[in-house]
Amino acid sequence: MTDPRQSQSIFTRGAVDLGALAARNTAATAQRSAPEAAAGVPGGANVIEVTEASFQQDVIQRSLTVPVVVDFYVAGSAPDQQFSPLLTQLAAEGGGTWTLARVDIETSPRLAQMFRIQNIPFVVAIVGGQPVDAFNQALPEPHLRQWIDAVLKAAGVEVEQPEDPRLLDADDAMADGDLDAAEAAYRKILDETPNDVVAESGLAQVGLLRRTDGIDLAGVLAAAQAAPDDLDAQMLAADVEVLTGEADKGYTRLVGLIRRTAGDEREAVRKHLLSLFTVAGPDDPAVAKARRALASALF
């Protein structure tokens, strides 16, 4: 997909003088309040119809507290019938985190002129009283959601990401003990979305569960204590420690082993340790600490 921010926008065609509009509207005598503007519009208070007279109040002032996405349209046009309903749906789903303001450019031609609109759909995000991004093409729903998320993040709004159903299915398979199905599901996700850290973690967890399936946990730890230089015993003991919630001990065990080995043996232990880091994920504080220890051991 072409990033909408790389397409023709208010930024590439000159600045928009919202101050001039504000000055005109200060002298205007006919303004609608936000509740009046929202009356009868699908999406309720999250979707409002705006005119030039109400733009200052309903868009610029409102954007000081919540992002406002302005949809410029022509009533009855193809974009109005096919694309605008998607924006309305997403605004309703947004639950008040942002407002959709609809402007009919045929009844508000000066707004269309101010934003230098050459074709529709034309959608602009207003945050803190200023335009921050715009696009002039009908985006598919996934890309439109991404664009809105980016606007919300730019405005400092915390965006809750929906759960990926593919991951839920993979997690369910692993919880049910069907490791083959879980592995296949995680690998499919990584084929479709390379470097997905959650899927990478899930795949590493499958490997950990396979290596520790049916073993005597206490016996593994005792065997490792009796044979400190046995690579297989030490790596399996580290698996057990990660599995039983003592990952920091497992990491320390393998870093120590790396310090005492060289060549192919050291590389095998390093790769095993990295797989255990992947189980936890990159944001785990214990992983960050262990990575520093690993770097010290290697260099």
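Q: Would you mind showing me how to read helix H8 (residues 165-175) here?
A: In an α-helix there are 3.6 residues to a turn, and that puts residues three or four apart on one side. Every buried residue of H8 is accounted for by Leu167, Ala170, Ala173 and Met174. Viewed along the axis of H8, the buried residues span an arc of 125°, placing them on a single side of the element. Turned more than 90 degrees away from the buried face of H8 sit Pro165, Asp169 and Ala175, all of them exposed. Against the buried residues of H8 lie helix H9 (179-192) and helix H10 (197-212). Positive backbone phi, at 85°, marks Gly177, one or two positions downstream of H8.

Q: Help me out: how do you make sense of the packing of aromatic side chains in this one?
A: Any aromatic ring pair is given by two values, namely how distant the centres are and how the planes are angled relative to each other. Scanning the entire structure with this criterion turns up six aromatic pairs. Where Phe83 meets Phe135, the ring centres are 6.2 Å apart and the plane angle is 80°; that geometry is what we call edge-to-face. Remark: Phe135 occurs in strand S5 (residues 130-135) and Phe83 occurs in the loop between helix H4 (78-82) and helix H5 (84-93); sequence separation between them is 52 residues. The buried category is assigned to Phe83, whose relative accessible area is 5%. Owing to a relative accessible area of 0%, Phe135 belongs among the buried residues under this scheme.

Q: When you look at the side chain of Asp104 in this model, what are you seeing that I'm missing?
A: By secondary structure assignment, the location of Asp104 is in strand S3 (residues 99-104). Buried within the structure, Asp104 lacks any salt-bridge partner; Arg102 is the closest side chain of opposite charge, at an N-O distance of 7.2 Å. One polar contact links the side chain of Asp104 to the main-chain amide nitrogen of Glu106, over a distance of 2.9 Å. Dropping the residues within four chain positions of it, Asp104 is found in contact with Tyr73, Val74 and Ala75.

Q: Just checking my understanding: could you explain unusual backbone geometry for this structure?
A: For residues that are not glycine, phi is negative in most cases, and the peptide bond is trans in most cases. The residue after Ile120, namely Pro121, is reached through a cis peptide bond having omega 5°. The residue Pro121 is located in the loop between helix H6 (109-114) and strand S4 (122-127) in this model. Phi is positive for Arg116, close to 55°, though the residue is something other than glycine. Topologically, Arg116 is positioned in the loop between H6 and S4. With relative accessibility at 38%, the residue Arg116 sits in the partly exposed group.

Q: Help me understand the sheet that holds S3, please; the structure alone is not making it clear to me.
A: Whenever strands of a sheet pair, they do so through backbone hydrogen bonds, lying parallel or antiparallel. Reading across from one edge, S1-S3-S2-S4-S5 is the order of the five strands in this open sheet, with mixed pairing throughout. On the outer flanks of this sheet lie strand S1 (47-49) and S5, each paired with one strand and no other. Within the sheet, the average angular offset between the axes of one strand and its neighbour, ignoring direction, is 25°. The sheet strands contacting helix H3 (residues 52-61) are S1, strand S2 (68-73), S3 and S4, and the helix crosses S2 at an angle near 145°. Running over the sheet, H5 touches S1, S2, S3 and S4 and is turned about 155° from S3.

Q: Looking at this structure, I do not really get the pairing of S5. What am I missing?
A: Where S4 meets S5, five bridges bridge the pair, whose relative direction is antiparallel. Bridged to Val124 within S5 is Ala134.

Q: Can you walk me through the confidence of the model for the protein in this structure?
A: Any segment with low pLDDT has predicted coordinates that should not be analysed in fine detail. With 84% of its residues at a pLDDT of at least 70, the protein reaches an overall mean of 85. Taken as a whole, residues 1-15 scores under 50 in pLDDT and shows 35 contacts with residues more than four places along the chain or in a different chain. Segment residues 26-43: pLDDT under 50, and 26 contacts once partners within four positions in sequence are set aside and those in other chains are kept.

Q: Mind showing me how you'd approach a negative patch on the surface here?
A: On the surface, Glu163, Asp169, Asp171, Asp172, Asp176 and Asp178 cluster together into a patch of negative charge. Positionally, Asp178 belongs in the loop between H8 and H9. The class for Asp178 is partly exposed, based on a relative accessible area of 39%.

Q: What am I meant to see in the environment of Gln130 here?
A: On the secondary structure map, Gln130 appears in strand S5. Gln130 sits in the partly exposed class, given a relative accessible area of 46%. Sequence spacing of Gln130 and Pro67 is 63 residues, and the spatial spacing of their C-alpha atoms is 10.0 Å.

Basis of the calculations
Residues numbered from 1 in each chain as written. Predicted model: local features only at pLDDT ≥ 70, side-chain atom pairs only at ≥ 80, totals over all residues. Heavy atoms only, no water. Buried < 20%, exposed > 50% of the residue type's maximum accessible area, 1.4 Å probe, protein only. Helix = DSSP H or I, 4+ residues; strand = E, 2+ residues; numbered from the N terminus. Arc of directions from axis to C-beta. Contact = heavy atoms within 4.5 Å. Phe/Tyr/Trp six-rings, centres within 6.5 Å; stacked < 30°, edge-to-face > 60°. Lys, Arg positive; Asp, Glu negative; His and termini not counted. Salt bridge = Lys/Arg side-chain N within 4 Å of Asp/Glu carboxyl O. Polar contact = N/O pair within 3.5 Å; in protein donor to acceptor, adjacent residues only side chain to side chain. Pairing = 2+ DSSP bridges. Axes fitted to C-alpha atoms, helices over the stretch in contact; angles between N-to-C directions. pLDDT = per-residue confidence, 0-100. Patch = residues over 30% accessible without salt bridge, like charges linked within 9 Å, V, L, I, M, F, W, Y side chains within 5 Å. Areas by Shrake-Rupley, 256 points an atom, 1.4 Å probe, with all protein chains shown as cover. Charge placed at Lys NZ, Arg CZ, Asp CG, Glu CD.

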